[in-house]
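# Residue-level structural notes
What follows is the residue order along each chain.
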Amino acid sequence: MKPAHAARLPINGLSLYHEVHGEPDASATPPLLLVPGGFMGTETMAPWVSAFADRRTVVVFDQQGHGRTPDTSRAMSYEQFADDAGRCCGR
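For the structure given in this document, a descriptive report is provided here. (Residues numbered from 1 in each chain as written. Predicted model: local features only at pLDDT ≥ 70, side-chain atom pairs only at ≥ 80, totals over all residues. Heavy atoms only, no water.)

## Things to note about the sheet that holds strand E3 (residues 32-34)
Taken together, the 4 strands give an open sheet; going across it, the order is E1-E2-E4-E3, and neighbouring strands pair in mixed fashion. A single partner strand is all that each edge strand has here, and the edge strands are strand E1 (5-11) and E3. Geometrically, the sheet is characterised by an average inter-axis angle of 30 degrees between neighbouring strands, direction not taken into account. Bridging between strand E2 (residues 14-21) and strand E4 (residues 58-61) involves 4 bridges; their strand directions are antiparallel. The partner of His18 across the bridge, within E4, is Phe61. (Pairing = 2+ DSSP bridges. Helix = DSSP H or I, 4+ residues; strand = E, 2+ residues; numbered from the N terminus. Axes fitted to C-alpha atoms, helices over the stretch in contact; angles between N-to-C directions.)

## Here we look at the nonpolar core
Ile11, Leu14, Leu16, Val20, Val59, Phe61, Ala85 and Cys88 together form the largest nonpolar core, which totals 8 residues. At the level of elements, E2, E4 and helix H2 (78-88) are the ones that each hand at least two residues to this core. The biggest single contributor to this core is E2, with 3 residues. Among all residues touching Ile11, those that are not within four sequence positions of it are Leu16, Asp84, Arg87 and Cys88. (Core = buried A, V, L, I, M, F, W, Y, C linked by side-chain atoms within 4.5 Å. Buried < 20%, exposed > 50% of the residue type's maximum accessible area, 1.4 Å probe, protein only. Contact = heavy atoms within 4.5 Å.)

## What about the side chain of Arg74?
Within the secondary structure, Arg74 sits in the loop between E4 and H2. Residue class for Arg74 comes out buried when judged on its relative accessible area of 18%. Excluding anything up to four places from it in sequence, Arg74 contacts Asn12, Leu14, Gln64, Gln80 and Asp84.

## Considerations on the pairing of E1
As paired elements, E1 and E2 share 7 bridges and run antiparallel to each other. Pairing of Ile11 across the sheet is with Leu14, part of E2. Here E1 folds back onto E2, and the loop between the two strands holds 2 residues, one of which, Asn12, carries a positive phi near 50 degrees.

## Considerations on the pattern of salt bridges
Inspection of the entire model under this criterion finds 5 salt bridges. The partner of Arg68 in a salt bridge is Glu43, with the nearest N and O atoms 2.5 Å apart. Pair noted here: Arg68 is in the loop between E4 and H2 and Glu43 is in the loop between E3 and helix H1 (46-52), with a separation of 25 residues, a long-range link. With a relative accessible area of 31%, Arg68 lands in the partly exposed category. Here the salt bridges do not stand alone but share partners, grouping Glu19, Glu43 and Arg68 into one network. (Salt bridge = Lys/Arg side-chain N within 4 Å of Asp/Glu carboxyl O.)

Below is the structure:
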């Protein structure tokens, strides 16, 4: 499934890769952020993206050191991953 938009975002010292599937509609349901599990990247989330993208906008991203987001010298933590995810969606 080809994303409508794919780019890197400068977030917390990362060059965080993300994809947006479907077209954002400001008047409809907010986008769904699919958070990857251990060792998952945007490619492995394709079945879940396709399950939801026909009904709403779906955002997926590669966490630090996964997929197309390179690793950095900062420590990894669940709190940091959560902050990265929130900033990926503009929160």
